[in-house]
Amino acid sequence: MKVTRRDWIIAAGAISGSALTYRLRQRQYLRDLRPKRSRVAVLHAEQYSDKLDELIYAGLRLFNLNIRGKSVLLKPNLVEQIPAKPVNTDRRLIGAAAEAFLRLDAASVTVAEGPGHHRDTELILFETGLRAQLAQRKIQFVDLNRDDLVKTKLQANYSGLGHLWLPRTVLASDFVVSMPKVKTHHWTGVTLSMKNMFGIVPGCRYGWPKNVLHWAGIQQSILDICATIRPHFVIADGIVAMQGDGPLNGTDLRLNTVVLSDDPVAADATCARALGVSPEHVAHIREASFFLGSMNSHEIL
Amino acid sequence: MDLLMRVQNPDGSWPAFEGDDPEGCWVTALVLIALRFVGAPPEPIEKTLRWLLHSRGREGHWLWKWKFRTIDRRVQFDPDKYGWPWFPRTVSWVIPTALSLIALKQSLQCCPSEQAAARVHVGTEMLYDRACPEGGWNAGNGVVLGTALRPHIDTTAVSLLALSDDKQSPTSQAIKWLREASAECRSAYSLAWSAISLSAHQDDAAGNRVQRLIDLLSESHSLDIETLSLSAIAIVANEHDANPFEVRM
């Protein structure tokens, strides 16, 4: 019998899921943050273009968000530029999201990221074209790997870390938007809005990569970080997603979709299904459904 | 210097910033290089050196060596060849290993020690073990799950500084890669590391990289402190042959 890479990914997910389940005999979270109502919008987009500006604005209006006067932080997924690989959240989607929040009367919009294993954030911004995109729209970028830090008690204890030093820019924001690239991941099954929050952990303190989180358990660390900084909103880039050996070496998967949600668990469950992965088999999504959001019962707008 | 002296941890390591938890981390090697360069008093230097000699990647422990050889073989590397981690209780990575090698090799110049020489040997082996197939270095392993990773400019430049006294063929291949990769680089940070490294290897391209760096700096409106510091070092290293990262064995 031929064992494919997909089999390995599913097996790895199942093993880490079992290990996590074993550790979950007792409740590990401090607060139940599940909203009364979770909403998801699945927008159709054939390509990255200027039309995204209007599409994202219209999509956000479906949610009747109260953004007026708020500081909005957009957290995309930037890893490194690899030719012909859909690794990063597309610059045009990030630009469109920034513009849409400004149109909704946000006091400020900041794009912020702390790439995981590449120390040269400026090089990534240049190579992905994001630096030019943000300059054109006059949007500020903050390198979370080198921001001022605040010692922060984690609001769940799956990892056993207790606390993390987290960037002041994230903690001071009124409205955090996770903007993942929709991808499979060889360790966690998928990398979506919750895994994307790894990027707020600062490299200047924890290194490139943030290996402390790997040793504390990737799925466990995702839960602890998201329990502490739960994204208020998700805009997931699934126009061109990645399948196979993600997050770096997979292949294109055209989903022609942008997923918007006010619930990161609902967003990730929806994106996982679009990738052909059952969210019940992704340990951090399943566990997050007990205290962060809804995996099954959400309203599709 | 006053700030540095004030924030050293009791165990000899250094925090990432003033007010940090006293666990020590990768900046310890960087501080040791700085202390030697400015001629700091011997006591903090010796304490730092002791901590650095005891710090090692988690794969350097027999239990984890066994795990990586038997159970966890998804990422292939030789756990006998270990270096230094970014943060205690994690595995070795390229940049903290390279910075630690520079600090230890500089220490060996004045104070030879068998323990330090042994760590330098194993750390050097680790760097060669993790090199990318096309030359140069990524953050850690050169191959993950059967896929060759692309080198990074800064990681390659720092590794080459640590190996500037070593003329093995992987080093020559990495210099060639760095020379090509930095030729069109538009990041001041990576360009500064390239210039510092190529200067240490007395490579003809160093002068051009410094000039491009100066041009880039004059066009940039905002630069972080790390990039500015590295740029200053790159310019001085090229003009006055005073390179704090240089290793002469």
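Please read these numbers as outputs of a predicted model, since none were measured by experiment.

Asks: Explain the overall build of chain B to me, please; I cannot follow it from the model alone.
Replies: The secondary structure content of chain B amounts to 11 helices and two strands. Helices and strands appear in chain B in the N-to-C order α-α-α-α-α-α-β-β-α-α-α-α-α. Here chain B has a C-alpha radius of gyration of 18 Å; the compact-globule value for 249 residues is 18 Å, and the two agree. A principal-axis box enclosing the C-alpha atoms of chain B has dimensions of 50 × 45 × 35 Å.

Asks: Just to check I follow, could you spell out the interface of chain B and chain A for this structure?
Replies: Interfaces are frequently sized by the accessible area removed from exposure as the parts join. If you look at the interface, chain B gives 20 residues, while chain A gives 21 residues. Along the lines of polarity and charge, the residues of the side of chain B that touches chain A split into 10 nonpolar, five polar and five charged.

Asks: Before we go on, may I ask you to explain helix α10 (residues 264-274) of chain A in this structure?
Replies: At 3.6 residues per turn, the α-helix brings residues three or four places apart onto the same side. Residues and elements named next belong to chain A. Counting buried positions along α10 gives nine out of 11 residues, so the element sits mostly inside the fold. If you check which residues of α10 are buried, you get Pro264, Val265, Ala266, Ala267, Asp268, Ala269, Thr270, Cys271 and Ala272. Count one or two residues on from α10 and you reach Gly276, which has phi positive near 85 degrees.

Asks: Would you explain the pairing of strand β10 (residues 233-243) of chain A in this entry?
Replies: Residues and elements named next belong to chain A. Within β10, nine of the 11 residues are buried, which leaves the element mostly enclosed by the surrounding structure. In the sheet, strand β7 (residues 175-179) pairs with β10 via two bridges, with the strands oriented parallel. Considered in β10, the bridge of Val177 is made with Phe233. Bridge count between strand β8 (residues 181-185) and β10: two bridges; the pairing is parallel. Within β10, the position partnered with Lys183 by the bridge is Met242. Summarising the sheet, β10 and strand β11 (residues 251-261) pair through nine bridges and their orientation is antiparallel. When the bridges of β11 are listed, Asp237 appears paired with Val258.

Asks: Looking at this structure, how should I read the environment of Ser172 of chain B?
Replies: All names here are of chain B. Secondary-structure assignment places Ser172 in helix α8 (residues 169-183). Look at Ser172 and you get exposed, because 12 C-beta atoms sit within 10 Å. With 29 residues separating them along the chain, Ser172 and His201 place their C-alpha atoms 9.9 Å apart.

Asks: Where do I start with the confidence of the model for chain B in this structure?
Replies: Reading predicted coordinates in detail is not appropriate for stretches of low pLDDT. All names here are of chain B. Taken as a whole, chain B shows an average pLDDT of 92; of its residues, 99% reach a score of 70 or greater. Mean pLDDT in chain B bottoms out at helix α4 (residues 62-70), which sits at 80, and peaks at helix α7 (residues 153-162), which reaches 98. Reported confidences for the modelled complex are a pTM of 0.92 and an ipTM of 0.93.

Asks: Would you take a moment to explain the packing of helix α2 (residues 27-38) of chain B against helix α3 (residues 42-54) of chain B for this structure?
Replies: How two helices sit against one another is set out by the angle between their axes and by the gap between those axes. Residues and elements named next belong to chain B. Here α2 crosses α3 at 150 degrees, and the two axes come no closer than 10 Å. By the criterion of interaxial angle, the relationship of α2 to α3 is roughly antiparallel. For α2 against α3, the interelement crossing comes out left-handed. Of α3, the residues touching α2 (which contributes Thr28, Ala29, Val31, Leu32, Leu35 and Arg36) are Pro44, Ile45, Thr48, Leu49, Trp51 and Leu52. Of the residues belonging to the contact of α2 with α3, the class tally is nine nonpolar, two polar and one charged.

Asks: Honestly, the nonpolar core in this entry has me stumped. Any pointers?
Replies: The nonpolar side chains of a soluble globular protein tend to be buried, and buried together. Ranked by size, the top nonpolar core spans 152 residues in total, and within it Ala97 of chain A together with Leu161 and Ile196 of chain B carry the most contacts. It is helix α9 (residues 188-200) of chain B that contributes the most residues to this core, nine residues altogether. Discounting chain neighbours no more than four positions away, the residues touching Ile196 of chain B are Ala157, Leu161, Leu230, Ile233, Ala234, Ala237, Asn243 and Phe245 of chain B.

Criteria and thresholds
- Sequence order sets the numbering: in each chain, residues are counted from 1 along the sequence as written.
- Chain letters start at A and ligand numbers start at 1, both assigned in the order the entries are written.
- Given that the model is predicted, a residue must reach a pLDDT of at least 70 before its local features are reported, and side-chain atom pairs must reach 80 or more before they are shown or counted; all residues, however, enter totals for whole chains, interfaces and linings.
- Secondary structure follows DSSP: runs of H or I at least 4 residues long count as helices, runs of E at least 2 residues long count as strands, and numbering of each begins at the N terminus.
- Values of the radius of gyration come from C-alpha atoms, whereas the globule rule sets the reference at 2.2 Å times the count of residues to the power 0.38.
- Think of it this way: build a C-beta for each residue from its backbone, and any pair within 7 Å is a contact.
- Here the nonpolar group is Ala, Val, Leu, Ile, Met, Phe, Trp, Tyr, Cys and Pro; Asp, Glu, Lys and Arg are the charged ones; every other residue, Gly included, is treated as polar.
- The exposure scheme places C-beta atoms from the backbone and then counts, for each residue, the other C-beta atoms within 10 Å of its own, assigning buried at 20 or more, exposed at 12 or fewer, and partly exposed in between.
- In this analysis, strands are considered paired if DSSP registers two or more bridges between them.
- pLDDT: the predictor's confidence for each residue, scored from 0 to 100.
- Note on definitions: angles span 0 to 180 degrees between N-to-C directions of axes, and those axes are lines fitted to C-alpha atoms, for helices only across the stretch in contact.
- What sets the label is the angle itself: under 35 degrees gives roughly parallel, over 145 gives roughly antiparallel, 65 to 115 gives roughly perpendicular, and the rest give oblique.
- When the near helix sits turned anticlockwise from the far one by under a right angle, the crossing is termed left-handed; a clockwise turn instead gives a right-handed crossing.
- Any nonpolar core is a set of buried residues, restricted to Ala, Val, Leu, Ile, Met, Phe, Trp, Tyr and Cys, that join up through C-beta atoms within 7 Å.

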